[in-house]
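Each chain is listed here by its residues.
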Amino acid sequence: MRNKFDNELENLNLELIKMGGMIEDSIELSARALIEQNLDLVAKVNELEIEIDEMEKTIESHCLKLLLQQQPVASDLRIISTALKMITDMERIGDNAEDIAEIARFMVNQKFIKDLVHIPQMADATISMVTRSVDAFVNKDKKLAEEVCADDDIVDNLFRVVKKELIEKIQENTENGEQAIDLLMIAKYLERIGDHAENIAEWVIFSITGEHKPK
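This is a predicted model, so every value here is computed, not measured. (Residues numbered from 1 in each chain as written. Predicted model: local features only at pLDDT ≥ 70, side-chain atom pairs only at ≥ 80, totals over all residues. Heavy atoms only, no water.)

Draft legend 1. Spotlight on the environment of Asn 139. Turning to its location among the elements, Asn 139 is positioned in helix H4 (residues 118-139). For Asn 139, a relative accessible area of 55% gives the class exposed. Residues Asn 139 and Asn 13 lie 126 residues apart in sequence; the distance between their C-alpha atoms is 9.4 Å. (Helix = DSSP H or I, 4+ residues; strand = E, 2+ residues; numbered from the N terminus. Buried < 20%, exposed > 50% of the residue type's maximum accessible area, 1.4 Å probe, protein only.)

Here it is, written out as structure tokens:
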């Protein structure tokens, strides 16, 4: 019975890795859709969001079956409850990536008011956070999860830089206002993605230690 349960937990890990890969792709594609002003990439993000939603349902069903059909001990319960918490944040990351792509859709024919330097950096940082938070769960790596939590400061700092630059662009020319707001919204969605990745890492720490201490 225990071997079967352990096998199911391993399958759960594989599903979480797959969903993690999906949201990493979604962040990367949404950022590229903006930078390259590419409508095809916007469509890919929209398609991926449907798959992410389905994956969330699959994992949720798997977790509930484990709870109902097996006899999990306390440490198992923490793992399963963490997985349920993780997929909620992962699904929201997919939503945020789609939101970025939808804003990018309306900027396809616009000349950018500034070079897009820090927004791609934010996207790269959040992708790294997502990747490592899932890795931390699969490998029960508390130190890695703590590093992910600390890296949210990097994303927050980049957001502040983007915000400052865009305010300066509006002050230079009020006609920059509409695009500046769109770019600021994109940066805000990336900042939220960082927050969700941090949430995942905090739940990973809970799965290992039994303590949940959000920042």
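Draft legend 2. Looking closely at the nonpolar core. Core analysis: the biggest nonpolar cluster contains 66 residues, and Leu 16 and Leu 190 have the highest contact counts within it. Contributions of two or more residues to this core are made by helix H1 (2-36), helix H2 (39-69), helix H3 (74-105), H4, helix H5 (142-172) and helix H6 (177-209). Excluding its chain neighbours within four sequence positions, the residues that come into contact with Leu 190 are Ile 27, Ile 100, Ile 119, Met 122, Ala 123, Thr 126 and Val 155. (Core = buried A, V, L, I, M, F, W, Y, C linked by side-chain atoms within 4.5 Å. Contact = heavy atoms within 4.5 Å.)

Draft legend 3. Layout of the environment of Met 122. In this structure, Met 122 sits in helix H4. Given the relative accessible area of 0%, Met 122 is considered buried. When the C-alpha atoms of Met 122 and Asn 157 are compared, they prove to be 9.4 Å apart, with 35 residues separating the residues in sequence. Setting aside residues up to four positions removed in sequence, Met 122 forms contacts with Val 155, Leu 158, Phe 159, Val 162, Ala 187, Leu 190 and Glu 191.

Draft legend 4. Examining H4 more closely. Taking 1.5 Å of rise per residue, the 22 residues of H4 would be expected to cover 32 Å, and the 31 Å separating its terminal C-alpha atoms lies within 8% of that figure. Among the residues trailing H4, Lys 140 stands out with phi positive, at a value near 50 degrees. (Expected span 1.5 Å × (residues − 1).)

Draft legend 5. Representation of the side chain of Thr 82. As for its position among the elements, Thr 82 is in helix H3. Take Thr 82: its relative accessible area is 0%, and that puts it in the buried class. Within the structure, the side chain of Thr 82 is placed 2.7 Å from the backbone oxygen of Arg 78, a separation counted as a polar contact. Ignoring anything within four residues of it in the chain, the contact list for Thr 82 reads Phe 137, Trp 203, Val 204, Phe 206 and Ser 207. (Polar contact = N/O pair within 3.5 Å; in protein donor to acceptor, adjacent residues only side chain to side chain.)

Draft legend 6. Region of the structure containing the pattern of salt bridges. For the structure on display, the rule yields 11 salt bridges. We note a salt bridge from Glu 147 to Lys 143, for which the minimum N-O separation is 2.7 Å. Of this pair, Glu 147 and Lys 143 both sit in helix H5, separated by four residues, roughly a single helical turn. Judged by its relative accessible area of 33%, Glu 147 falls in the partly exposed class. Of the charged contacts, one joins Lys 188 and Glu 191 as a salt bridge, the two residues approaching to 2.8 Å between their closest N and O atoms. Of this pair, Lys 188 and Glu 191 are both found in helix H6, three residues apart, which corresponds to roughly one turn of the helix. (Salt bridge = Lys/Arg side-chain N within 4 Å of Asp/Glu carboxyl O.)

Draft legend 7. Spatial organisation of the packing of aromatic side chains. For the structure on display, the rule yields one aromatic pair. Ring geometry for Trp 203 versus Phe 206: centroids 5.4 Å apart, planes at 85 degrees, classification edge-to-face. Note that Trp 203 and Phe 206 are positioned in helix H6 at a spacing of three residues, about one turn of the helix. Residue Phe 206 is classed as buried on the basis of its relative accessible area of 17%. Over the ring of Phe 159 we find Lys 188; its NZ or CZ atom is 5.1 Å from the centre of that ring. (Phe/Tyr/Trp six-rings, centres within 6.5 Å; stacked < 30°, edge-to-face > 60°. Lys NZ or Arg CZ within 6 Å of the ring centre and 35° of its normal.)

Draft legend 8. Looking closely at the packing of H2 against H3. It is the contact of H2 with H3, at a shortest axis distance of 9 Å, that shows an interaxial angle of 165 degrees. Our classification of the angle between H2 and H3 gives roughly antiparallel. Note on packing geometry: the crossing formed by H2 with H3 is left-handed. Its residues assigned to classes, the contact of H2 with H3 shows 16 nonpolar, three polar and nine charged. (Axes fitted to C-alpha atoms, helices over the stretch in contact; angles between N-to-C directions. Parallel < 35°, antiparallel > 145°, perpendicular 65-115°, else oblique. Left-handed = near helix turned anticlockwise from the far one by under 90°. Nonpolar A, V, L, I, M, F, W, Y, C, P; charged D, E, K, R; others polar.)

Draft legend 9. Up close: unusual backbone geometry. Phi is positive for Gln 37, which is not a glycine, with a value near 50 degrees. If you trace the backbone, Gln 37 turns up in the loop between H1 and H2. Residue Lys 140 is not a glycine yet carries a positive backbone phi of 50 degrees. Its place among the elements puts Lys 140 in the loop between H4 and H5. Lys 140 gets classed as exposed once you look at its relative accessible area, which sits at 54%.

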